[in-house]
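Inside the fold
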Amino acid sequence: AQHIRSSLLQQIERMTMTFSPFLRGLLFCSTAMATVTAAQAQDCRDYEIDQTCVNSGNLPIGIVDDGAINLTNTATGTILGSFAAVQTWLDGEVANHGSINSDTFGVLGFTGTLGVTNTGSIHGAAIAVIGLEAARVTNWGDLSGEFGIFSPGAVTALNYGTIAGSKASGDSYGILGD
């Protein structure tokens, strides 16, 4: 029995030795990929194309991305805008943990699907989140405006917080979509 056990251990050891360079390579690649992903995130710029960025400060004139934005606004981040605090032309992903405020639209996506995850506050005097083709929103915070979420296309919303919309006449429009 001892001989069989020793033989099995030797076979397992040889198999491990055969695959160890492969496993080290996988580990190296996954570490390198994670490093590249982390390096792609940078401070947000007020105008850019296809930026992947993190804001933890104050952006007083908002963000316009003429491509597809991937934005994380941290709990200490504040983004303000007049027309739109955050505006993206293509598919956009916005993770908000801080504050996004605008005189018109909080977060605006022109084409594609606008994805918003909110644990903070997003306010647009007219609309908090608007996806002109489609909107996908998960909310744990506060969304407010005349409309909370609006899209002439499809709206997918999961709400664990507050989505409030109101008109001067007292009508409420929390979510409006096709």
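Please read these numbers as outputs of a predicted model, since none were measured by experiment.

**Remarks on the environment of Ala 85**
Topologically, Ala 85 is positioned in strand S8 (residues 84-88). Among the residues examined, Ala 85 registers a relative accessible area of 0% and is labelled buried. Setting aside residues no more than four positions away along its own chain, Ala 85 makes contact with Gly 62, Ile 63, Ile 79, Leu 80, Ile 100, Asn 101, Ser 102, Phe 105 and Gly 106.

**A few points about the nonpolar core**
Leu 71 and Val 129 are the most contacted members of the largest nonpolar core, which has 22 residues in total. When residues of this core are traced back to their parent elements, those giving at least two are S8, strand S12 (113-118), strand S14 (127-131) and strand S15 (134-139). Setting aside its immediate chain neighbours within four residues, Val 129 contacts Val 107, Leu 114, Val 116, Ile 122, Val 137, Leu 143, Gly 148, Ile 149 and Phe 150. Counting residues in hydrophobic clusters, the runner-up holds 7 residues, among them Ala 84, Phe 110, Ile 127 and Phe 147.

**Structural notes on the side chain of Ser 102**
Here Ser 102 lies in strand S10 (residues 99-102). Among the polar contacts listed, one links the side chain of Ser 102 to the backbone oxygen of Ser 82, at a separation of 3.1 Å.

**So, the pattern of salt bridges**
Summed over the entire model, instances satisfying the criterion amount to 2 salt bridges. In this structure, the salt-bridge partner of Arg 45 is Glu 48, at a minimum N-O distance of 2.6 Å. In this structure Glu 48 comes out as partly exposed when scored by relative accessible area, which is 22%. Here Glu 93 ties to Arg 136 by a salt bridge, and the two come within 2.5 Å at their closest N and O atoms. Taken as a pair, Glu 93 in strand S9 (residues 92-96) and Arg 136 in strand S15 lie far apart in primary sequence, 43 residues in all. Residue class for Glu 93 comes out partly exposed when judged on its relative accessible area of 34%. A relative accessible area of 37% means that Arg 136 is categorised as partly exposed.

**Thoughts on the state of the cysteines**
According to the stated counting rule, one finds 1 disulfide in the structure shown. The disulfide that involves Cys 44 links it to Cys 53, with 2.3 Å between the sulfurs. Between Cys 44 and Cys 53, the S-S dihedral sits near 90°, and the bridge is therefore right-handed. A single burial state applies to Cys 44 and to Cys 53, both of which are buried.

**Re the packing of aromatic side chains**
For the structure shown, the criterion picks out 4 aromatic pairs. The interplanar angle of 10° and the centroid separation of 4.0 Å between the aromatic rings of Trp 89 and Phe 110 together place this pair among those described as stacked. Highlighted residues: Trp 89 in the loop between S8 and S9 and Phe 110 in the loop between strand S11 (105-109) and S12, separated in sequence by 21 residues. Relative to Phe 150, the ring of Phe 147 has its centre 5.6 Å away and its plane inclined at 45°; by these criteria the two rings are tilted. The class for Phe 147 is buried, based on a relative accessible area of 17%. Looking at Phe 150, the relative accessible area reads 21%, which means it is partly exposed.

**A few points about the pairing of strand S17 (residues 147-151)**
Within S17, 4 of the 5 residues are buried, leaving the element largely enclosed by the surrounding structure. Taken together, the 3 bridges between S14 and S17 define a ladder with parallel strand orientation. When the bridges of S17 are listed, Ile 130 appears paired with Phe 150. As defined by bridge partners, S17 adjoins strand S20 (residues 175-177) across 3 bridges and the pair is classed as parallel. Of the residues in S20, the one forming a bridge with Phe 150 is Leu 176.

Scoring rules and cut-offs
Residues numbered from 1 in each chain as written. Predicted model: local features only at pLDDT ≥ 70, side-chain atom pairs only at ≥ 80, totals over all residues. Heavy atoms only, no water. Helix = DSSP H or I, 4+ residues; strand = E, 2+ residues; numbered from the N terminus. Buried < 20%, exposed > 50% of the residue type's maximum accessible area, 1.4 Å probe, protein only. Contact = heavy atoms within 4.5 Å. Core = buried A, V, L, I, M, F, W, Y, C linked by side-chain atoms within 4.5 Å. Polar contact = N/O pair within 3.5 Å; in protein donor to acceptor, adjacent residues only side chain to side chain. Salt bridge = Lys/Arg side-chain N within 4 Å of Asp/Glu carboxyl O. Disulfide = S-S within 2.5 Å. Phe/Tyr/Trp six-rings, centres within 6.5 Å; stacked < 30°, edge-to-face > 60°. Pairing = 2+ DSSP bridges.

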